[in-house]
Amino acid sequence: MVRAVDPIELRTAVGAVSAWLLEDTADTPGRAELGAAVRATARTLAATAPGHAVEVRVPPFVAVQCIEGPRHTRGTPPNVVETDSRTWLLLATGLLEFDQAVRDGAVSASGSRASEVARWLPVVAPVNG
């Protein structure tokens, strides 16, 4: 079982990048802030939807397994969701719909169960101001 992310840690990490997610004109956050937000939201997903059926990858920051089902241990997992940091954070905060991100090519979702991740999103709301 994945250790739950402290809610204060999650809100702080997301708060540090929220202006960037909410406004096109905001400066890109630093690598440390971006990494903290990506890891906190992905680990929150893994804790909320425990399991090993789907691997969510947000390189270079994190890869987590989630959603009940068979454990995958070697090689390429059969169900993978992969995206960049900004897209992941938009999904994790509910500012972007999973199906739309897949249609737009911003998310790669392979395997019959990969789209189940959408059921567990968002994991947190963006922090305003």
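Below, the structure is looked at part by part.

Re the nonpolar core
Ranked by internal contacts, the top residues of the largest apolar core, which has 39 residues, are Val 56, Trp 88, Leu 89 and Val 117. Among the elements that line this core, the one with the most residues is helix 3 (residues 31-48), at seven residues. For Val 117, the contacting residues outside a window of four places in its chain are Leu 45, Val 54, Val 56, Cys 66, Ile 67, Val 81 and Phe 98.

Some remarks on the side chain of Thr 93
One can find Thr 93 in the loop between helix 4 (85-92) and helix 5 (98-103). The contact partners of Thr 93, leaving out residues within four places of it in the chain, are Val 14, Leu 21, Pro 122, Val 124, Ala 125 and Pro 126.

Details of unusual backbone geometry
Of note, the bond from Pro 59 into Pro 60 is cis; its omega dihedral lies within 30 degrees of zero at 5°. A cis amide bond, omega 0°, links Leu 121 with the succeeding residue Pro 122. With respect to the helices, strands and loops of the structure, Pro 122 is situated in the segment after strand 4 (107-110).

Brief notes about the sheet that holds strand 2 (residues 62-66)
Read from one edge of the open sheet, four strands run 2-1-3-4, paired in mixed fashion. Both outer strands of the open sheet, strand 2 and strand 4, are each paired with one neighbouring strand and no more. Looking at each pair of strands side by side, their axes are set apart by 15° on average, direction ignored. Bridge count for strand 3 (residues 80-83) against strand 4 is four bridges, and the pairing is antiparallel. Note that in strand 4 the partner of Val 80 across the bridge is Ser 110. Seen against the sheet, helix 3 touches strand 1 (54-58) and strand 2 and runs at an angle of roughly 10° to strand 2.

Cut-offs applied
Residues numbered from 1 in each chain as written. Predicted model: local features only at pLDDT ≥ 70, side-chain atom pairs only at ≥ 80, totals over all residues. Heavy atoms only, no water. Core = buried A, V, L, I, M, F, W, Y, C linked by side-chain atoms within 4.5 Å. Buried < 20%, exposed > 50% of the residue type's maximum accessible area, 1.4 Å probe, protein only. Helix = DSSP H or I, 4+ residues; strand = E, 2+ residues; numbered from the N terminus. Contact = heavy atoms within 4.5 Å. Pairing = 2+ DSSP bridges. Axes fitted to C-alpha atoms, helices over the stretch in contact; angles between N-to-C directions.

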